[in-house]
Amino acid sequence: MNTMGSIDNEKETEKLTKILSVLRSIYHKKQEQLEELQLEIKELHEIINHLNSVISNQSFTSADEIYSKLLSEDYFKDGISEEKFKGTNIKRKIFSADEKDLLCVLNFYDFKRLEIKFIDPDMRSIKETSEDFISIFLKGALIKIKERYPNLSVNYSFYKNTDKIEYIHISNLNSIKDYDLITEKIRELLASQD
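Computed from a prediction, not measured in an experiment: that's the story for all the values here. (Residues numbered from 1 in each chain as written. Predicted model: local features only at pLDDT ≥ 70, side-chain atom pairs only at ≥ 80, totals over all residues. Heavy atoms only, no water.)

1. Remarks on the pairing of strand β4 (residues 153–158)
Inference 1: Examined bridge by bridge, β4 and strand β5 (residues 165–171) share 6 bridges and lie antiparallel to one another. Pairing of Tyr156 across the sheet is with Ile168, part of β5.
Inference 2: In sequence, β4 turns back onto β5 through a hairpin of 6 residues, with Lys160 there showing a positive phi of about 40°. (Pairing = 2+ DSSP bridges. Helix = DSSP H or I, 4+ residues; strand = E, 2+ residues; numbered from the N terminus.)

Here it is, written out as structure tokens:
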């Protein structure tokens, strides 16, 4: 009887060993598939970032073209009202140098209002009183624009009751060239944070 029991145990162990072998094989195949998927996801992420950059650059160029058409001398001669600008939005995105991370989004609404949103403001840690913010952004852009357009107004929204800026709201901005200057200075400011 003992021999019969040990034969049954051996057969049971053999079956379990085969099941274990099959499970290990499936496990390793799944592991390889997962690694392949992670590589594909990484490649897709890089492609998406690259396309975002291309789209951003194209919208940057087309925004200038649209604006120059809208504000050509013919526009002023025809006396088209400001109603034509309502509902317009020129969006620009600023990415990190390696184009992996979105750092900031600028929206120019109705050719009047500009909203600048810093992504991950806690990490960026841009402060109204920081040396870079004052020298690059305030002196490099806003003060120059304010000298030409005294009714320009600026407000800040801060991140979770800190002194870190999450949004900059600019009103009475009337020029695409000023929008370009602000975009350039924001890009410069973010580059100085790296």
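Structure's up, so let's keep going.
2. What about helix α5 (residues 176–193)?
Inference 1: End to end, α5 covers 26 Å across 18 residues, agreeing with the expected 26 Å (1.5 Å per residue, within 8%).
Inference 2: Looking only at α5, the buried set comprises Ile176, Asp178, Tyr179, Leu181, Ile182, Thr183, Lys185, Ile186, Leu189 and Leu190. (Expected span 1.5 Å × (residues − 1). Buried < 20%, exposed > 50% of the residue type's maximum accessible area, 1.4 Å probe, protein only.)

3. Regarding helix α4 (residues 131–148)
Inference 1: The terminal C-alpha atoms of α4 lie 24 Å apart, and with 18 residues this matches the ideal 26 Å at 1.5 Å per residue to within 8%.
Inference 2: Roughly 50° is the biggest bend found in α4, and it falls at Leu138.
Inference 3: For α4, the complete set of buried residues consists of Phe133, Ile136, Phe137, Leu138, Gly140, Ala141, Leu142 and Ile145.
Inference 4: Next to the buried residues of α4 lie β3 (113–118), β4, β5 and α5. (Bend = angle between axes of the 7 residues up to and from the residue. Contact = heavy atoms within 4.5 Å.)

4. Considerations on the packing of α4 against α5
Inference 1: One way to put it is that α4 packs onto α5 with a least axis distance of 8 Å and a crossing angle of 170°. One way to sum up the angle between α4 and α5 is to call them roughly antiparallel. Across the interface between the two elements, Asp132, Phe133, Ile136, Phe137, Gly140, Ala141, Leu142, Ile145 and Arg148 from α4 touch Asp178, Leu181, Ile182, Lys185, Ile186, Glu188, Leu189, Ser192 and Gln193 from α5.
Inference 2: Class assignment for the residues of the contact of α4 with α5 results in 10 nonpolar, 3 polar and 5 charged. (Axes fitted to C-alpha atoms, helices over the stretch in contact; angles between N-to-C directions. Parallel < 35°, antiparallel > 145°, perpendicular 65-115°, else oblique. Nonpolar A, V, L, I, M, F, W, Y, C, P; charged D, E, K, R; others polar.)

5. Focus on the nonpolar core
Inference 1: Of all hydrophobic cores here, the largest spans 31 residues; its most connected members are Ile116, Phe137, Ile168, Ile170, Ile182 and Ile186.
Inference 2: The set of elements that each furnish at least two residues to this core consists of β1 (89–95), β2 (102–109), β3, α4, β5 and α5.
Inference 3: Residues in contact with Ile186, not counting those within four places in the same chain, are Ile94, Cys104, Ile116, Phe118, Phe137 and Ile168. (Core = buried A, V, L, I, M, F, W, Y, C linked by side-chain atoms within 4.5 Å.)

6. Here's the deal with the pattern of salt bridges
Inference 1: Under the defined criterion, the tally for this structure stands at 7 salt bridges.
Inference 2: For the salt bridge of Arg148 with Asp178, the shortest nitrogen-to-oxygen distance reads 2.3 Å. Of the two residues, Arg148 is situated in helix α4 and Asp178 in helix α5; the sequence distance between them amounts to 30 residues.
Inference 3: Taking relative accessible area as the criterion, Arg148 reaches 49% and is therefore assigned partly exposed.
Inference 4: With its nearest N and O atoms 3.3 Å apart, the salt bridge here joins Lys185 to Glu188. Taken together, the positions of Lys185 and Glu188, both in helix α5 and 3 residues apart, correspond to about one turn of that helix. (Salt bridge = Lys/Arg side-chain N within 4 Å of Asp/Glu carboxyl O.)

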